[in-house]
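Results of the structural survey
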Amino acid sequence: LNVAFLVALAVSLVALPVYVVIATAEFTLRSVWDLGAIVPVARDSGFGRDFLDLELVLALFGVAAGAALFVDRPERQQRSVAELLALPAALAAGAACLLLPALAGHAGQKSPRGVALPLDVLHLGAVALWLGGLIGLVVLWLSVGRTGRSAVLAYVVPRFSAVAFCSVLLLIGTGIGQSLLELPTLASLWQTSYGQALLWKIGLLAAALVLAGVNLARTKPRLAAGEASAPLLLRRLVQGEIVFVAAALVAAAVLSSLAPPSSALAK
């Protein structure tokens, strides 16, 4: 799990500046390979500043999270002072990583910002917990030996199920709130490109929720009963969930590239 975390962090740290360079090349109508002209103006736009600041905050998050993992001693009955301080620091840096994309996106320009920004941050946080936890389950499934797999998963899956259930409720609630802010009319949900992309995202998340429901109703009791087939069923269903949630993230990326419907439609 630590190695998977470091790989994800490294990919993010590389992907962010590449994304900023590509976006700046589009803004300035230049070739993406013309770095001499693109890099000096990358921070001239609010979008570029927010995402380059995100690179710095993400690096700080990596340091804080790495420290939290380094000082963690699970064999102790009580956490040390260093452990108690390191975990909130890492979580605070992670929350800051969620705020900067919200500032750079639609939520940062939407009125009232005091409502739009928290909704966006909570929405991103909910999907991060759900998708990250699913990937963590697959990594754990592959890491533990076959003999102890059922016992480990029987301990971990019920705990993750509670977190995932709260994440999904938060995801649905914040998604509805964002839709009410972005869509001036109900018809714009299917009459505009923005609304159609949102429908695709909702459909993909609904498919993931179906698999999550099967996991909760079928796999969790089988793991508790110690059935030998339960870990394999869990892996297949979780992999399906990951595919649907990842596809929903692609739909969200398309959504962020489209302009929301004009509020004049309501008139």
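Residues numbered from 1 in each chain as written. Predicted model: local features only at pLDDT ≥ 70, side-chain atom pairs only at ≥ 80, totals over all residues. Heavy atoms only, no water.

What about the packing of aromatic side chains?
One pass over the full model with this rule turns up two aromatic pairs. Look at phenylalanine 5 and phenylalanine 61: their rings are 6.1 Å apart centre to centre, the planes differ by 80 degrees, and that puts the pair in the edge-to-face class. Of the two residues, phenylalanine 5 sits in helix H1 (residues 2-28) while phenylalanine 61 sits in helix H3 (residues 46-71), which places them 56 residues apart along the sequence. Centre to centre, the rings of tyrosine 19 and phenylalanine 51 are 5.4 Å apart; their planes meet at 75 degrees, and the pair counts as edge-to-face. Of this pair, tyrosine 19 sits in helix H1 while phenylalanine 51 sits in helix H3, and the two are 32 residues apart along the sequence. (Phe/Tyr/Trp six-rings, centres within 6.5 Å; stacked < 30°, edge-to-face > 60°. Helix = DSSP H or I, 4+ residues; strand = E, 2+ residues; numbered from the N terminus.)

Some thoughts on the pattern of salt bridges
Within this structure, the stated rule accounts for three salt bridges. Salt-bridge contacts for aspartate 34 lead to arginine 30; the nearest nitrogen and oxygen are separated by 3.4 Å. Of the residues examined, aspartate 34 reaches a relative accessible area of 29% and is grouped as partly exposed. Its relative accessible area of 45% is what places arginine 30 among the partly exposed residues. Among the ionic pairs, arginine 43 bridges to aspartate 53, the shortest N-O distance being 3.1 Å. (Salt bridge = Lys/Arg side-chain N within 4 Å of Asp/Glu carboxyl O. Buried < 20%, exposed > 50% of the residue type's maximum accessible area, 1.4 Å probe, protein only.)

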